[in-house]
Amino acid sequence: MAQSTASGISRWALRAVSIAVCLVVWPTASTLRLNLGLVTFVNVPPPTDVFLAAIDFVQSTKAFDHVTSSLRRVASGYAIAAFVGVALGLAIGRSRRAADVLLPPLELLRPIPAVAWIPLAVLLFPSSEASMIYITFIGALFPILLNTIHGVENVDPRLIASAKSLGGTQSAILREVILPGAAPSIVTGLAIGMGTSWFCLVTAEMISGQFGIGYYTWESYTIQNYADIIVGMILIGLLGMGSSALLRWIGGLLTPWHTVGEAR
Amino acid sequence: MSGVERLARPELGRIDAAHVSIRLGGGDQAFEAVQDVSFAIEPGEFVCLLGPSGCGKSTLLGALAGHIAPSGGRLHVDGSTIDGPHPDRGIVFQHHTLFPWKSARENVAFGPKMRGVGKAERNRQAGEILDLVGLGDFADRYPKQLSGGMQQRVEIARVLVNRPRLLLMDEPFGALDALTRMMMQELLLDIWGRVRTTIVFVTHDIDEALFLADRIIVMTPRPGRILEEIRVPFARPRATDIVASPEFGTLKRHCLELLHVRPDGVPLPRLSPLGFDAGEGA
């Protein structure tokens, strides 16, 4: 136990150092106006500018609205994606017919980037709010769907056979065997989907009228407010990372058998 | 003890197999894993199916469990045709078929839960059977917190809680070390002494078959057929020292001769009660 705590501390130290290195490289490169040919830091604002811009942002009256608008969109799109992705994944993973009917169109839609959905999303939905939610939904759907299918298909057939022999009906087997058996994979899909949902936020909020961190980032680019762009980027990164971590933690609580120690 | 005796159903558990054949695989891959097999097993009898890997003994067990349908012949339990899996015919696999997300108690309570038994009552029943297999103190552990032998005991308890007519076992102790296996064999005989159900036990271990069974059905591979039936005369209760008796030696030599198929023969792939190798490993 003591050993694992020690290695835990050293791992956190390593993670801190990793962030610190990024924070050293960035100001050095931007103050030296480093031009490496392939990439150039000539127009990249240094951290101090970004820090000041961040303070401005936090103090602005709009900050709260930006963050809550984005959180609301991501949460809605993601929640729908989680429900639809897990439900479709269970159906496709369990039934060959469902796979034949549902998979071909889904495979066709999967490679389409979120940005390509914008025009259609605007046409499909009466409100721009719904269009934005749809784009974060599309971003989260496929990782959740594919991981659920994978998890369901990999449930040990002997567990299903045992459940049948013990008197389990189809619905009981789905609830008691398939769902928990696929749970670790579903949790992974949900965590990745949370990331991709945030990933699509800027795209989604390109069509926003006034609020949202993605909108703020995109607007800062159009009016050449470079420091603000980075503030927006970092905010999206932090919120995305935080919500993914929250999800893994909840996932861990829901799959306690996964974390208990092995018998020696 | 009164609760445990309730589990015994001495009048039930008769098996009649008449000219049973089972085909596995499809198309060009199809082959007859079991061919024209006939036998009868009395209620409460302990029968071992003994044979080399790939001889169809596990396939036959799978058909008794209802996971594989015979392609020919009749397979009856207490006069009715087997029609799919049923808790009356419980099966114990070699390893790793406990639900990893359920504690030992919840695993054992699964059968009663499927029958709609309330939580308090099914937990009581599960606790009673776990006591019977000597795991009363481990009811709250997850399977991976239990040793291999303990996991197999939970598997047996999970099947017994349904008061099965048949207890079907597919090399249940095959993955255990020799010492644990011996303990498990004694434990199984002890349980069977108290809960008298029909046991069909698949093994390729001659010592195991001789120690456990009333009768051994010896099978040969490709096609899987019955080579001989051997009645095992040792009195019960049996103790491990019978293994050293001259009579045991004679029977063992006889079995060895029966099983001694072509020395040049390559071992056939293992078949499983689900009709294919479900990844149980070697």
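Criteria and cut-off values
Residues numbered from 1 in each chain as written. Chains lettered and ligands numbered in written order. Predicted model: local features only at pLDDT ≥ 70, side-chain atom pairs only at ≥ 80, totals over all residues. Heavy atoms only, no water. Phe/Tyr/Trp six-rings, centres within 6.5 Å; stacked < 30°, edge-to-face > 60°. Helix = DSSP H or I, 4+ residues; strand = E, 2+ residues; numbered from the N terminus. Buried < 20%, exposed > 50% of the residue type's maximum accessible area, 1.4 Å probe, protein only. Lys NZ or Arg CZ within 6 Å of the ring centre and 35° of its normal. Pairing = 2+ DSSP bridges. Right-handed = clockwise from strand over helix to strand, strands pointing away. Polar contact = N/O pair within 3.5 Å; in protein donor to acceptor, adjacent residues only side chain to side chain. Contact = heavy atoms within 4.5 Å. Buried area = accessible area lost by both parts, 1.4 Å probe. Salt bridge = Lys/Arg side-chain N within 4 Å of Asp/Glu carboxyl O. Core = buried A, V, L, I, M, F, W, Y, C linked by side-chain atoms within 4.5 Å. Domains from an automatic or database assignment. Axes fitted to C-alpha atoms, helices over the stretch in contact; angles between N-to-C directions. Disulfide = S-S within 2.5 Å.

A.B. asks: Give me the packing of aromatic side chains: which residues, what numbers.
C.D. replies: As enumerated under the stated definition, the model contains 12 aromatic pairs over all chains in all. For the pair Y134 of chain A and F137 of chain A, a centre-to-centre distance of 5.9 Å together with 35 degrees between the ring planes defines the contact as tilted. Of this pair, Y134 of chain A and F137 of chain A both sit in helix α6 (residues 128-153), three residues apart, which is roughly one turn of the helix. Take F137 of chain A: its relative accessible area is 14%, and that puts it in the buried class. Above the ring of W12 of chain A, the side-chain terminus of R15 of chain A is found at 4.4 Å from the ring centroid. The cationic tip of R196 of chain B hangs over the ring face of W192 of chain B; the distance from NZ or CZ to the ring centre is 3.9 Å.

A.B. asks: Break down the pairing of strand β7 (residues 166-170) of chain B for me, with residues and values.
C.D. replies: Residues and elements named next belong to chain B. Burial within β7 is extensive, with five of its five residues counted as buried. Every second residue of β7 is oriented toward a common face, with L166, L168 and D170 on one face and L167 and M169 on the other, all of them buried. Note: strand β6 (residues 89-92) against β7, four bridges, orientation parallel. Note that in β7 the partner of I91 across the bridge is L168. Bridge count between β7 and strand β8 (residues 198-203): five bridges; the pairing is parallel. Bridged to D170 within β8 is V202. In terms of handedness, the path from β7 via helix α7 (residues 178-194) over to β8 forms a crossover that is right-handed.

A.B. asks: Outline the pairing of strand β10 (residues 225-231) of chain B, listing residues and values.
C.D. replies: Residues and elements named next belong to chain B. Here strand β9 (residues 215-220) pairs with β10 via six bridges, running antiparallel. Counterpart to I217 in the pairing with β10 is E229. Taking the residues that link successive antiparallel strands as the turn, the β9-β10 hairpin has four residues, and the phi of R222 there is positive, at about 40 degrees.

A.B. asks: Give me the side chain of D214 of chain B: which residues, what numbers.
C.D. replies: Here D214 of chain B is to be found in the loop between α8 (206-212) and β9. In this structure the side chain of D214 of chain B is engaged in a polar contact, spanning 2.8 Å, whose partner is the side chain of R236 of chain B.

A.B. asks: Tell me about the interface of chain B and chain A, and name the residues and values.
C.D. replies: Opposite the 33 residues of chain B that make contact, chain A presents 25 residues. For the pair chain B and chain A, the two sides together bury roughly 2,400 Å², of which 66% comes from carbon and sulfur. Among the residues of chain B in contact with chain A, W101, M114 and K144 of chain B are the three that bury the most area, contributing 31% of the side total. Viewed at the interface, chain A and chain B are joined by two salt bridges.

A.B. asks: Describe the environment of R215 of chain B, and please don't skip the residues or the numbers.
C.D. replies: Residues and elements named next belong to chain B. Position of R215 relative to the elements: it lies in strand β9. Given the relative accessible area of 6%, R215 is considered buried. Taking the C-alpha atoms as reference, R215 lies 15 Å from M169; in sequence the two are 46 residues apart. Discounting residues that sit within four places of it in the chain, R215 has contacts with A40, I41, E45, F46, V47, C48, E229, I230, R231 and V232. At 2.6 Å, the side chain of R215 forms a polar contact with the backbone oxygen of A40.

A.B. asks: Requested: an account of the nonpolar core, with residues and values cited.
C.D. replies: Most often, soluble globular proteins keep nonpolar side chains buried together rather than apart. The biggest cluster of nonpolar side chains holds 62 residues, and the ones touching the most others in it are I135, I144 and V177 of chain A together with F99 of chain B. Looking at which element gives the most residues to this core, the answer is α6 of chain A, with 12 residues. The contact partners of F99 of chain B, leaving out residues within four places of it in the chain, are L159, A163, L166 and V177 of chain A together with N107, F110, P143 and R158 of chain B. Counting residues in each nonpolar core, the second largest holds 53 residues, with A109, M169, W192 and F248 of chain B among its members.

A.B. asks: Break down the domain arrangement of chain A for me, with residues and values.
C.D. replies: Residues and elements named next belong to chain A. Considered domain by domain, chain A is made up of domain 1 (1-44) and domain 2 (45-256). Computed from C-alpha atoms alone, the centre-to-centre distance between domain 1 and domain 2 is 28 Å. Contact residues are listed per partner, giving six residues for domain 1 and seven residues for domain 2. Overall, the association of domain 1 and domain 2 removes approximately 470 Å² of surface from exposure, summing both partners, and the carbon and sulfur fraction of that is 79%. Among the residues of domain 1 in contact with domain 2, W26, N43 and V44 are the three that bury the most area, contributing 75% of the side total. Taken together, the links from domain 1 to domain 2 amount to zero salt bridges. Where domain 1 packs against domain 2, one counts one residue pair in polar contact (both at pLDDT 80 or more).

A.B. asks: So what's going on with the sheet that holds strand β2 (residues 31-41) of chain B? Which residues, and what values?
C.D. replies: All names here are of chain B. Pairing is antiparallel across the open sheet formed by four strands, whose spatial order is β2-β1-β4-β5. Each of the sheet's edge strands pairs with one partner strand only, and the pair in question is β2 and β5 (80-81). Sheet contacts for helix α2 (residues 57-65): β1 (15-24), β2 and β4 (72-77); angle to β1, the most-contacted strand, approximately 115 degrees.

A.B. asks: Mind laying out the state of the cysteines, listing which residues take part and the relevant values?
C.D. replies: Going through the model one piece at a time under the given rule, you end up with zero disulfides over all chains. There is no disulfide at C48 of chain B, and the cysteine sulfur nearest it, in C255 of chain B, is 10 Å away.

A.B. asks: Account for the sheet that holds β10 of chain B, with residues named and values stated.
C.D. replies: Residue and element names in this part refer to chain B. If you trace the six strands from one edge of the open sheet to the other, you get β6-β7-β8-β3-β9-β10, paired in mixed fashion. Since the sheet does not close on itself, it has two edges, and those belong to β6 and β10, each with one partner. Adjacent strand axes in the sheet meet at a mean angle of 20 degrees, parallel and antiparallel pairs treated alike.

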